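Coordinates in review
Residues per chain, in single letters:
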Amino acid sequence: MEKKNKGYLTLKESRQIVKENVRKMKYYENKKKKNVDPSYYQTVMKDDNNVVEIDNLETHFFTDNGTVKSVNGVSFNIPKNKIVGVVGESGCGKSVTSLSIMQLVEAPRGQVVGGQIRFNTDDLGYDENGHKLAYDITKMPMQQMFNVRGKDITMIFQEPMTSLNPVFTIGNQLDEVMYVHYPNMQAEEVKAHSLDLLVQVGISMPERVYKSYPHELSGGMRQRVMIAMALAGNPKLIIADEPTTALDVTIQAQILELLKSIQKKTGCAIMLITHDLGVIAEMADEVVVMYAGKVIEKGTVSEIFKNPLHPYTIGLQASKPLITSDSDKPLYSIPGQVPNPINLPNTCFFKGRCDKCISKCNGAYPKQIQVSDTHFVSCYLYEEDGEDGK
């Protein structure tokens, strides 16, 4: 045990981990390949007004050093016609959560091992009790997921140059979306639809861009093409995974404004993943704050920014430079390090970095506490009998 604490593994321990990993990976991969009855991956929505309901989601990566719990019991909803911002530092599980929704977690090492992702589809209707039927994406076979991914749920990735295929023209890649999901469409209709999408995302010379290769376009133009591709199937949910990371500030503002106008025009929901609290404050209706694979606080954008409760959320906001900040004072940084995701503590994951610890913090991981109808926080400070309870 002493060697483990120092970060070393014996050869015997390493072999045991590899053997256990192989067993688990085979088990989860075999589950995906099964021919199952559609009722197996059907469930009911808790609220018809949500597009997606994520309930106690667990996504693990089986590495040679142990099991990394990248997403460790995450729960939140994405309502219709809303922008939900997901914020947190690198490695907190934001992108892995989005990849789990899309069934794009890198297999066989990465696997969704628990929880539900309920997708509110129009294909199933209602059950005999009047409840809205939905797909549970965690149980959906890959073949059925092809009908949802790229059509009902789409994704805009961080770096458009690595997302677009360099050997195919923009037109070819846009057209492919329609050919896959609407095989009965004629070539002329598909091309007209693709050109219309390019116009919608603010590209002034759609015919020229349609015939161009990705390397012939600027970063902002490529990201507009990615947004057009995401819109091709008229989706219910667009996942934007840090869509402005590789762009300069002026282009960032244009892309964000474009996303907001598209959301209002089409009525789709957007899951916006970013490190930038300023972007969240400007764009989002609801905010989810993640830390070490868990949701530590969630609420409306005004609740999170005007009344942050979790010490980590407060620290995140304090570390953002403001125009009114004193230039002589160093920028605040949260002390300490994120815990090792392979050996997570049984207590609150933020305990080692928190300056507001109370005696209860030595206990088990805090449960989610409802502060208002829409505001939730996982922190002992806000229990009714806590020192700062509400």
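Model, not experiment: these values are computed from the prediction. (Residues numbered from 1 in each chain as written. Predicted model: local features only at pLDDT ≥ 70, side-chain atom pairs only at ≥ 80, totals over all residues. Heavy atoms only, no water.)

**So, the state of the cysteines**
By the definition in use, this model includes zero disulfides. For Cys354, which is in no disulfide, the shortest distance to another cysteine sulfur is to Cys357 and amounts to 4.3 Å. (Disulfide = S-S within 2.5 Å.)

**Brief notes about the sheet that holds strand β1 (residues 42-44)**
With antiparallel pairing, five strands are arranged side by side in an open sheet as β1-β6-β5-β2-β3. Bordering the open sheet on either side are β1 and β3 (66-79), each of which pairs with just one other strand. Taking each pair of neighbouring strands and ignoring which way they run, the sheet shows an average axis angle of 20 degrees. Here strand β2 (residues 50-63) pairs with strand β5 (residues 110-119) via eight bridges, running antiparallel. Bridging across to β5, His60 finds its partner in Gln111. Lying over the sheet, helix α3 (residues 94-102) contacts β2, β3 and β5, oriented at roughly 110 degrees with respect to β2. (Pairing = 2+ DSSP bridges. Helix = DSSP H or I, 4+ residues; strand = E, 2+ residues; numbered from the N terminus. Axes fitted to C-alpha atoms, helices over the stretch in contact; angles between N-to-C directions. Contact = heavy atoms within 4.5 Å.)

**Notes on the pattern of salt bridges**
This structure, assessed with the given rule, holds ten salt bridges. The shortest N-O distance in the salt bridge between Lys46 and Asp55 comes to 3.6 Å. Owing to a relative accessible area of 66%, Lys46 belongs among the exposed residues under this scheme. Measuring nitrogen to oxygen at the nearest pair gives 3.6 Å for the salt bridge that ties Lys320 to Asp276. Within this pair, whereas Lys320 is found in the loop between α13 (311-318) and β12 (369-370), its partner Asp276 is found in the loop between β9 (269-274) and α11 (277-283), the two being separated by 44 residues in sequence. Residue Asp276 is classed as partly exposed on the basis of its relative accessible area of 30%. (Salt bridge = Lys/Arg side-chain N within 4 Å of Asp/Glu carboxyl O. Buried < 20%, exposed > 50% of the residue type's maximum accessible area, 1.4 Å probe, protein only.)

**Focus: the layout of surface pockets**
Computed from the structure, the largest pocket encloses a volume of approximately 570 Å³. Lining the largest pocket are 20 residues, and of these Gly150, Phe157, Glu176, Val177 and Met229 sit closest to its centre. Put simply, the parts of the chain that give the lining of the largest pocket at least two residues each are β7 (153-156), α6 (170-181) and α9 (219-231). For the lining of the largest pocket, the residue count by class is twelve nonpolar, six polar and two charged. (1 Å grid on protein atoms, 1.4 Å probe; cavity = no way out; pocket = protein on both sides within 12 Å on 5 of 7 lines; lining within 4 Å. Points joined across faces, edges and corners; volume = space filled by probe spheres on them. Nonpolar A, V, L, I, M, F, W, Y, C, P; charged D, E, K, R; others polar.)

**Considering the environment of Pro311**
With respect to the element layout, Pro311 can be found in helix α13. What makes Pro311 buried here is its relative accessible area of 9%. When the C-alpha atoms of Pro311 and Ile334 are compared, they prove to be 9.8 Å apart, with 23 residues separating the residues in sequence. Residues in contact with Pro311, not counting those within four places in the same chain, are Phe350, Cys354, Lys356, Cys379 and Leu381.

**Examining the packing of α6 against helix α7 (residues 187-200)**
Contact pair α6 / α7: the axes reach a minimum separation of 9 Å and the direction vectors enclose 125 degrees. On the basis of the axis angle, α6 is oblique to α7. Crossing angle aside, the handedness with which α6 passes α7 is right-handed. On α7, the residues touching Leu174, Asp175, Met178 and Tyr179 of α6 are Ala187, Val190, Lys191, His193, Ser194 and Leu198. (Parallel < 35°, antiparallel > 145°, perpendicular 65-115°, else oblique. Left-handed = near helix turned anticlockwise from the far one by under 90°.)

**Remarks on the confidence of the model for the chain**
Interpreting fine coordinate detail is not advised for predicted regions of low pLDDT. Mean pLDDT over the chain stands at 89; residues scoring 70 or higher make up 96%. Note on residues 386-390: pLDDT is under 50 here. Beyond four places in sequence and across chains, it has 13 contacts. (pLDDT = per-residue confidence, 0-100.)

**Some remarks on the side chain of Asn72**
Along the polypeptide, Asn72 turns up in strand β3. Those residues in contact with Asn72 that lie beyond four places of it in its chain are Leu57, Glu58, Gly293, Lys294, Leu344 and Phe349.

**What to know about empty space enclosed by the protein**
Considering all chains together, one arrives at two cavities of 30 Å³ or more under this definition. The space that makes up the largest cavity amounts to roughly 100 Å³. Forming the boundary of the largest cavity are 14 residues, of which Pro311, Cys348, Cys354, Cys361 and Cys379 lie nearest the centre. Considered class by class, the residues forming the lining of the largest cavity number ten nonpolar, two polar and two charged. Of the voids in this model, the second largest cavity is the one considered here, and its volume is about 30 Å³. If you go around the second largest cavity, the residues you meet are Val87, Leu277, Val289, Ile304, Phe305, Thr313, Leu316 and Gln317. Taken together, the elements giving at least two residues each to the lining of the second largest cavity come down to α12 (301-306) and α13. Here the lining of the second largest cavity takes three residues from α13, the largest share from any one element. For the lining of the second largest cavity, the residue count by class is six nonpolar, two polar and no charged.

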